[in-house]
Amino acid sequence: MKDPTERTVATPSVGFVSLGCPKALVDSERIISELKMRGYGISPDYGGADLVVVNTCGFIDSAIDESLDAIGEALQQNGRVIVTGCLGVKPETILSRHPKVLAVTGPHATEQVLAAVNTHLPQPHDPFVDLVPPAGVRLTPRHYAYLKISEGCNNRCSFCIIPALRGDLASRPIDEVLREAEQLVASGVKELLVISQDTSAYGSDLRYRAVDWKGRRIETRFLDLARELGELGVWVRMHYVYPYPHVDAVLPLMAEGKVLPYLDIPFQHGSPSVLKRMRRPAHAENTLKRIESWRAQCPELTLRSTFIVGFPGETDAEFEELLQWIDAAQLDRVGCFKYSPVEGATANDIAAAVPDEVMEERHARFMERAAAISSARLAKRVGQTVQVLVDRMEGSVAIARTAGDAPEIDGVVRIRKARGLKTGDFAHVRIIGADDYDLVAEPQ
Ligand code: SF4
């Protein structure tokens, strides 16, 4: 452990641990950018840091455990720790296990974190402002970046405590988001991943406030944002969209190639009665009909989704409805979670818990069905020529993604004999093979 009395006289240095979802990652990027702007160094290890900031996740029990373990490890190896992020809304959980933590803040609290850092590690006199790129510091590879357009959520899904953790929807003004997007593109970003808790609700809290942008009047709303981002000449990928009717208006932009023909929609279930108990947004929409109409307008559309099996009270019949729904929907990319009773979620008390072994069995059956659908859909791509973006090189093999693959969560394209390509390159390749989730290709 570092001797807490031993302080460097050179640049004070902060270690950083970032856990949780892309939204938390964006918070981390902001805090790190600000720290660098104020002259702090960022240390790659605990031992070299004067203190450590741990950005935690508090979404499900396993994430809480992981966060508490990370705090413990940072305390053990460094001794001076500030905690932020979703778990920070429960300071008693943190302090009862780790009483030596210096300060605790909730999520989306850049200023409070900076103030805490400044209290325990005073800001250096001569900030190296000009060392920080205008787009700030990013934790993702240089060629893609997450663009957070809002915080919080106005929905009240019964299994979710995010509104309690992060508050109601608070959208960022559209001109601020677009300026950040322009800076990211100017710094070399080739793909923008739009994230929030509910992207399709963007701007509703601001009553879709209108602003002047490049001599035009645009509104703070999902469609205008998609249209303007589509002018930047990079891949634009939409995450966490709900199947509201107004989403239909974005499909023409996808068909024109302005934004990627990709929608990440957390459907969560296919049974209307379960969706109602989940209190999902748009639960009364006929989502299968909507998917059909989207595919008619934009046949290349890739649909990604996540589902929960074993929601309290889920009957055999409701689970069968879910299987029938995914057979009919033929989604391209699917993730599935077993229900986890997050502390504070109202769903925990609305019906009896599904026994673990039933949940396991349903999860396995669901994933088997989803894999078969994915495999059949990918097999149809063999022989096609597609554009890909290279994420990294592994010897002579390039690991890349098509427009239908988001980083980290979807499949990849392995390009053989890819010498000459490098990270961040766009390329056209011919698909020569497919398995359940990934593709194999050769340069065209
Ligand atoms: S839409 Fe539902 S699941 Fe998503 S953040 Fe809001 S309340 Fe939670």
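Small disclaimer: the values here were computed from a predicted structure and weren't measured. (Residues numbered from 1 in each chain as written. Predicted model: local features only at pLDDT ≥ 70, side-chain atom pairs only at ≥ 80, totals over all residues. Heavy atoms only, no water.)

(A) Fine view of the overall build of the protein chain. Each helix and strand counted, the protein chain has twelve helices and 20 strands in total. In summary, the protein chain has a C-alpha radius of gyration of 23 Å against a globular reference of 22 Å for 444 residues, a match within 12%. Along the first, second and third principal axes, the C-alpha set of the protein chain runs to 65 × 55 × 50 Å. Put simply, the protein chain has 444 residues, and 53% of those count as buried. Counting only contacts in the protein chain whose residues sit at least 6 apart along the sequence, the fraction spanning at least 24 positions is 74%. (Helix = DSSP H or I, 4+ residues; strand = E, 2+ residues; numbered from the N terminus. Rg over C-alpha atoms; globule rule 2.2 N^0.38 Å. Buried < 20%, exposed > 50% of the residue type's maximum accessible area, 1.4 Å probe, protein only. Contact = heavy atoms within 4.5 Å.)

(B) Main features of the packing of helix 1 (residues 22–37) against helix 4 (residues 110–120). Look at helix 1 against helix 4: their axes get within 10 Å of each other, and the N-to-C directions meet at 45 degrees. Overall, the two elements helix 1 and helix 4 adopt an arrangement that is oblique. Handedness of the crossing formed by helix 1 with helix 4: right-handed. Contacts between helix 1 and helix 4 involve Arg30, Ile31, Glu34 and Leu35 on the former and, on the latter, Thr110, Val113, Leu114 and Val117. Class assignment of the residues belonging to the contact of helix 1 with helix 4 gives a composition of five nonpolar, one polar and two charged. (Axes fitted to C-alpha atoms, helices over the stretch in contact; angles between N-to-C directions. Parallel < 35°, antiparallel > 145°, perpendicular 65-115°, else oblique. Left-handed = near helix turned anticlockwise from the far one by under 90°. Nonpolar A, V, L, I, M, F, W, Y, C, P; charged D, E, K, R; others polar.)

(C) View of the pairing of strand 15 (residues 333–338). The sheet contact formed by strand 14 (residues 302–309) and strand 15 spans six bridges and is parallel. In the sheet register, threonine 306 faces strand 15, and the bridge partner there is glycine 335. (Pairing = 2+ DSSP bridges.)

(D) Highlighting the sheet that holds strand 19 (residues 426–434). With respect to topology, five strands assemble into a closed barrel ordered 16-17-18-20-19, the strand pairing being mixed. In this sheet, adjacent strand axes meet at a mean angle of 50 degrees when their direction is disregarded. The sheet contact formed by strand 18 (residues 413–415) and strand 20 (residues 439–443) spans three bridges and is parallel. When the bridges of strand 20 are listed, isoleucine 415 appears paired with alanine 441.

(E) Highlighting the side chain of glutamate 318. Structurally, the position occupied by glutamate 318 is in helix 11 (residues 316–329). Residue classification places glutamate 318 among the buried positions, given a relative accessible area of 8%. Engagement of the side chain of glutamate 318 in a polar contact is seen with the side chain of arginine 277, the distance being 3.0 Å. When neighbours within four sequence positions are excluded, glutamate 318 is seen to be in contact with His269, Ser271, Ser273, Val274, Arg277 and Gly313. (Polar contact = N/O pair within 3.5 Å; in protein donor to acceptor, adjacent residues only side chain to side chain.)

(F) Representation of the packing of aromatic side chains in the model. This model, assessed by the stated rule, comprises seven aromatic pairs. Judged by centre distance (6.3 Å) and plane angle (85 degrees), the rings of tyrosine 144 and tyrosine 146 are edge-to-face. In this structure tyrosine 146 comes out as buried when scored by relative accessible area, which is 8%. Among the aromatic side chains, those forming a connected cluster through ring pairs are Phe267, Phe307, Trp325 and Phe366. Of note, arginine 221 hangs over the ring of tyrosine 208, and the distance from its end group to the ring centre comes to 4.0 Å. One cation-aromatic arrangement involves arginine 237 over tyrosine 262; the distance from NZ or CZ to the ring centre is 4.5 Å. (Phe/Tyr/Trp six-rings, centres within 6.5 Å; stacked < 30°, edge-to-face > 60°. Lys NZ or Arg CZ within 6 Å of the ring centre and 35° of its normal.)

(G) Fine view of the pattern of salt bridges. A full pass over the atoms with the stated rule returns 33 salt bridges. The salt bridge partner of arginine 295 is aspartate 332, with a shortest N-O separation of 3.6 Å. In this pair, arginine 295 is assigned in helix 10 (residues 287–297) and aspartate 332 in the loop between helix 11 and strand 15, connecting sequence segments 37 residues apart. This pair shows no difference in class: arginine 295 is buried, exactly as aspartate 332 is. The salt bridge partner of glutamate 314 is arginine 362, with a shortest N-O separation of 2.7 Å. You can see glutamate 314 sitting in the loop between strand 14 and helix 11 and its partner arginine 362 sitting in helix 12 (residues 356–379), a full 48 residues away along the chain. For the pair formed by glutamate 314 and arginine 362, the shared burial category is buried. Taken together, the shared-partner salt bridges connect Asp27, Lys148, Glu151 and Arg166 into one network. (Salt bridge = Lys/Arg side-chain N within 4 Å of Asp/Glu carboxyl O.)

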